[in-house]
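The residues making up each chain are set out below.
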Amino acid sequence: MERTSTANDLTDRLRKRLESERREIEELTASELERLGENSRRVARNALRSIERDTEEATGKVRELLAKAWQRPLIVGLSLWLGFFGGSWATMRWLSRSIQNRIETRAELNRDIEDARRTLAQLEVDTWGLVFHEIKGERFVVVPDGVLADPPWWVDGDRPALKLSRE
């Protein structure tokens, strides 16, 4: 007996075949999607690891920059402070030495002036108050007041004097 197929049989076979092919396609698609998902997860994990590594490197560099960033202003600030402090100290030392030297010089000059006054007073005592004076090439000896009763010459209008000759 031969078997003859009917339209329903053919439809059933086609349906079964389509169903089988659909399942096969779905299984292949699921398998491919699973492989694609696994590859995507692996790529994402690799990208995440790379991002974490790059972030750690960048964080390390930023930390290093921050560690060095405060050093430069600190060094500049300390240098400026030392410069100002040193310059001010040196200026004050120079000024104080200058003032001290001037005080010492003034004290020495005051001593010299006092010595000169004592010497002048002693000269006046030793010379009996006589003073030599020259006016227009003529020489005079100025004597103290009251030494001459009638002085022949007057110097500067009010001081008695004796004229010295050149002979």
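We now turn to the structure provided with this report. Note that the structure is a prediction, hence the values are computed from the model and not measured. (Residues numbered from 1 in each chain as written. Predicted model: local features only at pLDDT ≥ 70, side-chain atom pairs only at ≥ 80, totals over all residues. Heavy atoms only, no water.)

### Observations concerning the overall build of the chain
1) Next: Secondary structure assignment for the chain yields two helices and four strands.
2) Next: Listing every helix and strand of the chain by position from the N terminus yields α-α-β-β-β-β.
3) Next: In summary, the chain has a C-alpha radius of gyration of 62 Å against a globular reference of 15 Å for 167 residues, an excess of more than 25%.
4) Next: Dimensions along the principal axes, computed over C-alpha positions, put the chain at roughly 200 × 30 × 25 Å.
5) Next: When each of the 167 residues of the chain is scored for burial, the buried share is 5%.
6) Next: Sequence-distant contacts, at least 24 apart, represent 11% of the contacts inside the chain between residues at least 6 apart.
7) Next: Of the accessible surface of the chain, which amounts to about 15,400 Å², a share of 59% is contributed by carbon and sulfur atoms. (Helix = DSSP H or I, 4+ residues; strand = E, 2+ residues; numbered from the N terminus. Rg over C-alpha atoms; globule rule 2.2 N^0.38 Å. Buried < 20%, exposed > 50% of the residue type's maximum accessible area, 1.4 Å probe, protein only. Contact = heavy atoms within 4.5 Å. Areas by Shrake-Rupley, 256 points an atom, 1.4 Å probe, with all protein chains shown as cover.)

### Structural notes on the pairing of strand S4 (residues 159–164)
1) Next: With four bridges joining them, strand S2 (residues 138–142) and S4 adopt antiparallel strand pairing. Across the sheet, residue Phe 140 finds its bridge partner in S4, namely Lys 163.
2) Next: In this sheet, S4 lies alongside strand S3 (residues 153–155) in antiparallel orientation, the contact comprising three bridges. Looking at the pairing, Val 155 lines up with Arg 159 of S4.
3) Next: The antiparallel pairing of S3 with S4 creates a hairpin that spans three residues between the two strands, and Asp 156 there sits at a positive phi of about 55 degrees. (Pairing = 2+ DSSP bridges.)

### Quick notes on the packing of helix H1 (residues 7–69) against helix H2 (residues 71–126)
1) Next: Interhelical geometry of H1 versus H2 gives an angle of 5 degrees and a closest axis separation of 5 Å. Classed by the angle they form, the pair H1 and H2 counts as roughly parallel. Across the interface between the two elements, Ala 67, Lys 68 and Ala 69 of H1 pack against Gln 71, Arg 72 and Pro 73 of H2.
2) Next: Residue composition of the contact of H1 with H2, grouped by class: three nonpolar, one polar and two charged. (Axes fitted to C-alpha atoms, helices over the stretch in contact; angles between N-to-C directions. Parallel < 35°, antiparallel > 145°, perpendicular 65-115°, else oblique. Nonpolar A, V, L, I, M, F, W, Y, C, P; charged D, E, K, R; others polar.)

### Section: the pattern of salt bridges
1) Next: The full count for this structure, using the stated rule, is 11 salt bridges.
2) Next: In this structure, Arg 117 engages Glu 114 in a salt bridge whose closest nitrogen and oxygen atoms are separated by 3.4 Å. Residue Arg 117 and its partner Glu 114 are both found in helix H2; the two are separated by three residues, about one turn of the helix.
3) Next: Classification of Glu 114 by relative accessible area gives partly exposed; the value is 37%.
4) Next: Sharing partners across several salt bridges, the network here consists of Glu 19, Arg 22, Arg 23 and Glu 26. (Salt bridge = Lys/Arg side-chain N within 4 Å of Asp/Glu carboxyl O.)

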